[in-house]
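Descriptive structure summary
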Amino acid sequence: MYKIKKRAPNKEKPPVLYNIIEDYTEFDAPGNVTLCAMTEEEDVEAHACVLAESYDIPREVMRRLLTEGGIYLYPQEGALVTRGLFACRIDRTSSAPKQTWVLDVMQYAEAEQFVRSYGLTLEEAAARVFYRTLPQELQTRLEQTNLGLDYAKLDRAITRAGDIKYIDFRKDWSTHFKRLCIMPDGKLIPTGSLEEFAKLHGITVEQARVLIEQGGTLEVEGEVLACQIVNDQPSVARFNRNQYAKAKELVATKGLHLMDALSEVGLSDPMMMRALKRQEQRQS
């Protein structure tokens, strides 16, 4: 008698929201964003679900914003305004892709000042405040079709659907928005949520949260995780025992701070540097 094997149910794949990602996080705050763009047709339901989760906005509100455009003001909590606004800008002439971004409290206050001083709508003021904080290079590219990218040099999988449909300017750490961690062997491994990051490195979620939010180092089974915070953005690398030992030797002999010593070790490691160069080439 033969046993009939049942096909394992397919795991639901997370939605693919972006196929173009450019890192501007080393620019001065508040313009330190990651540009996340998509050339495929927008799946509004999936897009709304992920952005609602990322920005703590009701899903039906996010769906309306992505369909109609507009702004969402975060509700005031207590006597102080602790959060700014979320904006979705839709060009009805279709000459520019849909764009979303968030203003912090200080930017929101500046936008309100523009409304009072120049008679702008809050939507117009929010756009003016946001765009002028971006790197000049990015401001220029946003005025060009498809960010000025040479489609002849991009992967066919990206260009086959045509023009860029939407751009999300993001700063958050989200399940659906992957960030890279460079490993001791030079591999660049993407992780999304803190839970996923913690599982990868065999640490607790609370340890991951402290490392990502505060930066610094964390020993893990004789190895070490190092996180630098640049313009509010975490950059993470893991070093093996030998690399960690070299860094501690630099601390002892040169009086370097451990983080500086680890950076020096990383810069002198050919595998790590090759991985970073490959990543830069993909983004260029």
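A brief report on the enclosed structure follows. Since the model is a prediction, treat every value here as computed from it, not as a measurement.

Along the backbone of the protein chain there are 11 helices and 11 strands. Counting contacts in the protein chain only where the partners sit at least 6 residues apart, residues at least 24 apart contribute 46% of the total. Counting only carbon and sulfur atoms, one obtains 51% of the accessible surface of the protein chain, whose full area is about 16,900 Å².

It is the contact of helix α7 (residues 194–201) with helix α8 (residues 205–214), at a shortest axis distance of 8 Å, that shows an interaxial angle of 105°. Regarding the angle of α7 to α8, the classification is roughly perpendicular. On α8, the residues that touch Leu-194, Glu-195, Phe-197 and Ala-198 of α7 are Val-205, Ala-208, Arg-209, Leu-211 and Ile-212. For the contact of α7 with α8, a count of residues per class yields 7 nonpolar, no polar and 2 charged.

Turning our attention to the packing of helix α9 (residues 241–254) against helix α10 (residues 258–268). For the pair α9 and α10, the least separation of the axes is 8 Å and the interaxial angle reads 125°. Put simply, α9 runs oblique to α10. The two elements α9 and α10 cross, and the hand of that crossing is right-handed. Contacts between α9 and α10 involve Gln-243, Tyr-244, Lys-246, Ala-247, Leu-250, Val-251 and Lys-254 on the former and, on the latter, Leu-258, Ala-261, Leu-262, Glu-264 and Val-265. Of the residues assigned to the contact of α9 with α10, the class counts are 8 nonpolar, 1 polar and 3 charged.

The next subject is the sheet that holds strand β1 (residues 20–23). Pairing in this open sheet of 6 strands is mixed, and the strands run β1-β2-β6-β5-β4-β3 from one edge to the other. Each having just a single partner strand, β1 and β3 (70–73) make up the two edges of the open sheet. Neighbouring strand axes in the sheet, compared pairwise and without regard to direction, differ in orientation by 15° on average. Bridge count between strand β2 (residues 34–38) and strand β6 (residues 166–170): 5 bridges; the pairing is antiparallel. Across the sheet, Cys-36 pairs through a bridge with Asp-168, a residue of β6. Where helix α3 (residues 105–118) meets the sheet, its contacts fall on β3, β4 (85–89) and β5 (98–103), and the angle it forms with β5 comes to roughly 105°.

Reading the values: the criteria
Residues numbered from 1 in each chain as written. Predicted model: local features only at pLDDT ≥ 70, side-chain atom pairs only at ≥ 80, totals over all residues. Heavy atoms only, no water. Helix = DSSP H or I, 4+ residues; strand = E, 2+ residues; numbered from the N terminus. Contact = heavy atoms within 4.5 Å. Areas by Shrake-Rupley, 256 points an atom, 1.4 Å probe, with all protein chains shown as cover. Axes fitted to C-alpha atoms, helices over the stretch in contact; angles between N-to-C directions. Parallel < 35°, antiparallel > 145°, perpendicular 65-115°, else oblique. Nonpolar A, V, L, I, M, F, W, Y, C, P; charged D, E, K, R; others polar. Left-handed = near helix turned anticlockwise from the far one by under 90°. Pairing = 2+ DSSP bridges.

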